[in-house]
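Survey of secondary and tertiary structure
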Amino acid sequence: MGTNCSISVFAKSDEERIQECFDILSSIEKRISAKLSESEISKINKAAGKESVRVSEETFKLIKRSVELHKLTKGAFNPLIGKITALWNIGSGDEKVPEKAEIEFLVTHAREGEIVLDEANQTVYLTDEYTSLDLGAIGKGYASDVLSAFLEKEGVSKALINLGGNVYAVGKKSKKANWKIGLRNPDGNGLFTTVEIEDGAVVTSGAYERYFIQDGVKYHHIMDPDTGYPVNLDLTSVSIICEDATLADALSTAVFVLGKEEGIKLLTELGVNAVLLTRDKEIIKL
Ligand code: AMP
Ligand code: MG
């Protein structure tokens, strides 16, 4: 998943569940990673503008969810951004700023392309050959939802799932105390605050996670679907706190894109808790 993942359980008898969790994680990655050429997502992408592709029930549901989340976030989370993120290829170690004309071309297609879902046949069709799916903005949240459901089904009453800083707490820490999750300072200096949760997710998006520097300018991995460039840093870290980690993940990316004002508006409309850190180091708790 391109990040460090850790799973903690707190009872000796739960230990063997850990390996099963990692098996589940790698099966999710094999299905939904746009970077693995044999994944279901890659098959859909290769068939863009040509034909529909039949996928597993889980993948179909996730793509359907991504379409709903696209609407819910007013387009700030755009699952069809794949050709743009692939063009930038941030995190590959071999990045350079792409041609403006190329970016603009792909932005138009990502805006106008459609994802056609056929429930009866469980197929997915991308109408535009110059678009592709990238579920990177919800993948870790989705994976932690699947893992927490698995652990709960197995009767694990207490666990912590940490997928690259996206944390899911299963159960309560103890009878008296909630889990305390630290939020990393974007400049690398320890934590800027902590959040208390029980049974739920704290999902963070930050510009410090993946980036490169060219001619003194920092280019990070969260793209504005309207421009095709990394979003302007009004906010430097966005953490969403809720039980549904897929929703939290989509919102963490989307609020980052929307910026402080629009982001707060969306979160207030949805009644979702969050901690935002602004460029001026103001901490906003919703
Ligand atoms: P996250 O760390 O959850 O904010 O997700 C960031 C990842 O989502 C990036 O590495 C891209 O693969 C993808 N991405 C970047 N910008 C967007 C966007 N506006 N909408 C959907 N996916 C995006
Ligand atoms: Mg996200």
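Residues numbered from 1 in each chain as written. Chains lettered and ligands numbered in written order. Predicted model: local features only at pLDDT ≥ 70, side-chain atom pairs only at ≥ 80, totals over all residues. Heavy atoms only, no water.

**Thoughts on the pattern of salt bridges**
Two side chains that carry opposite charge are able to pair once their charged atoms sit near each other. Rule in force here: We define a salt bridge as a side-chain nitrogen of Lys or Arg found within 4 Å of a carboxyl oxygen belonging to Asp or Glu. Numbering of helices and strands starts at the N terminus; helices are DSSP runs of H or I of at least 4 residues and strands are runs of E of at least 2. Exposure is judged per residue with a 1.4 Å probe applied to protein chains only, and the accessible area is read against the type maximum: over 50% gives exposed, under 20% gives buried, and values in between give partly exposed.
Within the structure shown, the criterion is met by twelve salt bridges. Taking the shortest distance from any N to any O, the salt bridge between Lys61 and Glu57 comes out at 3.6 Å. With a gap of four residues between them, Lys61 and Glu57 both fall in helix 3 (residues 57–72), about one helical turn apart. The partner of Glu119 in a salt bridge is Lys64, with the nearest N and O atoms 2.6 Å apart. With a gap of 55 residues between them, Glu119 in the loop between strand 3 (115–118) and strand 4 (123–126) and Lys64 in helix 3 connect regions that are remote in the sequence. Residue classification places Lys64 among the partly exposed residues on the basis of a relative accessible area of 31%.

**Observations concerning the pairing of strand 7 (residues 179–184)**
Convention followed: If DSSP finds at least two bridges between two strands, the strands pair.
Burial along strand 7 is one-sided: the residues Trp179, Ile181 and Leu183 are buried and none of Lys180, Gly182 and Arg184 is. One ladder, built from six bridges, connects strand 7 with strand 8 (residues 191–197); its direction is antiparallel. Within strand 8, the position partnered with Arg184 by the bridge is Leu191. Counting the residues in the hairpin turn of strand 7 and strand 8 gives six residues, including Gly188, whose phi is positive at 90°.

**Brief notes about the pairing of strand 13 (residues 273–278)**
In terms of burial, strand 13 is a largely internal element, five of the six residues being buried. Across six bridges, the pairing between strand 12 (residues 235–242) and strand 13 is antiparallel. If you follow Val238 over to strand 13, its bridge partner there is Leu276. Across three bridges, the pairing between strand 13 and strand 14 (residues 283–285) is antiparallel.

**Considering the state of the cysteines**
For clarity, the threshold we go by: Defined by distance alone, a disulfide is two cysteine sulfur atoms within 2.5 Å.
As enumerated under the stated definition, the model contains zero disulfides in all. Cys21 supplies the cysteine sulfur nearest to Cys5, a cysteine that is in no disulfide, at a spacing of 11 Å. Looking at the unpaired Cys242, the closest cysteine sulfur is the one in Cys5, lying at 19 Å.

**Description of the packing of helix 1 (residues 16–32) against helix 6 (residues 136–153)**
The axes of two packed helices give the description: the angle between them and the distance between them. The condition that has to hold: To define axes, lines are fitted to C-alpha atoms, for helices over the stretch in contact only, and angles between the resulting N-to-C directions are given on a 0 to 180 degree scale. Helix crossings fall into two classes, left-handed where the near helix is turned counterclockwise from the far one by less than a right angle and right-handed where it is turned clockwise. Only heavy atoms enter the contact rule, under which two residues are in contact if any of them lie within 4.5 Å. When residues are sorted by character, Ala, Val, Leu, Ile, Met, Phe, Trp, Tyr, Cys and Pro go into the nonpolar class, Asp, Glu, Lys and Arg into the charged class, and all the rest, Gly among them, into the polar class.
Across the interface, helix 1 lies against helix 6 with an axial gap of 10 Å and an inter-helix angle of 145°. As for how helix 1 packs across helix 6, the hand of that crossing is right-handed. Counted together, Arg17, Glu20, Cys21, Ile24, Leu25, Ile28, Arg31 and Ile32 of helix 1 and Gly139, Tyr142, Ala143, Val146, Leu147, Phe150 and Leu151 of helix 6 form the full contact between these two elements. In terms of residue class, the contact of helix 1 with helix 6 is made up of eleven nonpolar, one polar and three charged.

**Brief notes about the packing of aromatic side chains**
Selection rule: Only centres within 6.5 Å qualify two rings of Phe, Tyr or Trp (six-membered ring in Trp) as a pair; their planes then separate them into stacked at under 30 degrees, edge-to-face at over 60, and tilted for everything else.
Enumeration over the complete set of coordinates arrives at six aromatic pairs. Relative to Trp179, the ring of Phe10 lies with its centre 5.5 Å away and its plane at 45°, an arrangement referred to as tilted. With a gap of 169 residues between them, Phe10 in the loop between strand 1 (5–9) and helix 1 and Trp179 in strand 7 connect regions that are remote in the sequence. On the basis of relative accessible area, Phe10 is assigned to the partly exposed category, the value being 45%. The exposure class assigned to Trp179 is buried, which follows from its relative accessible area of 3%.

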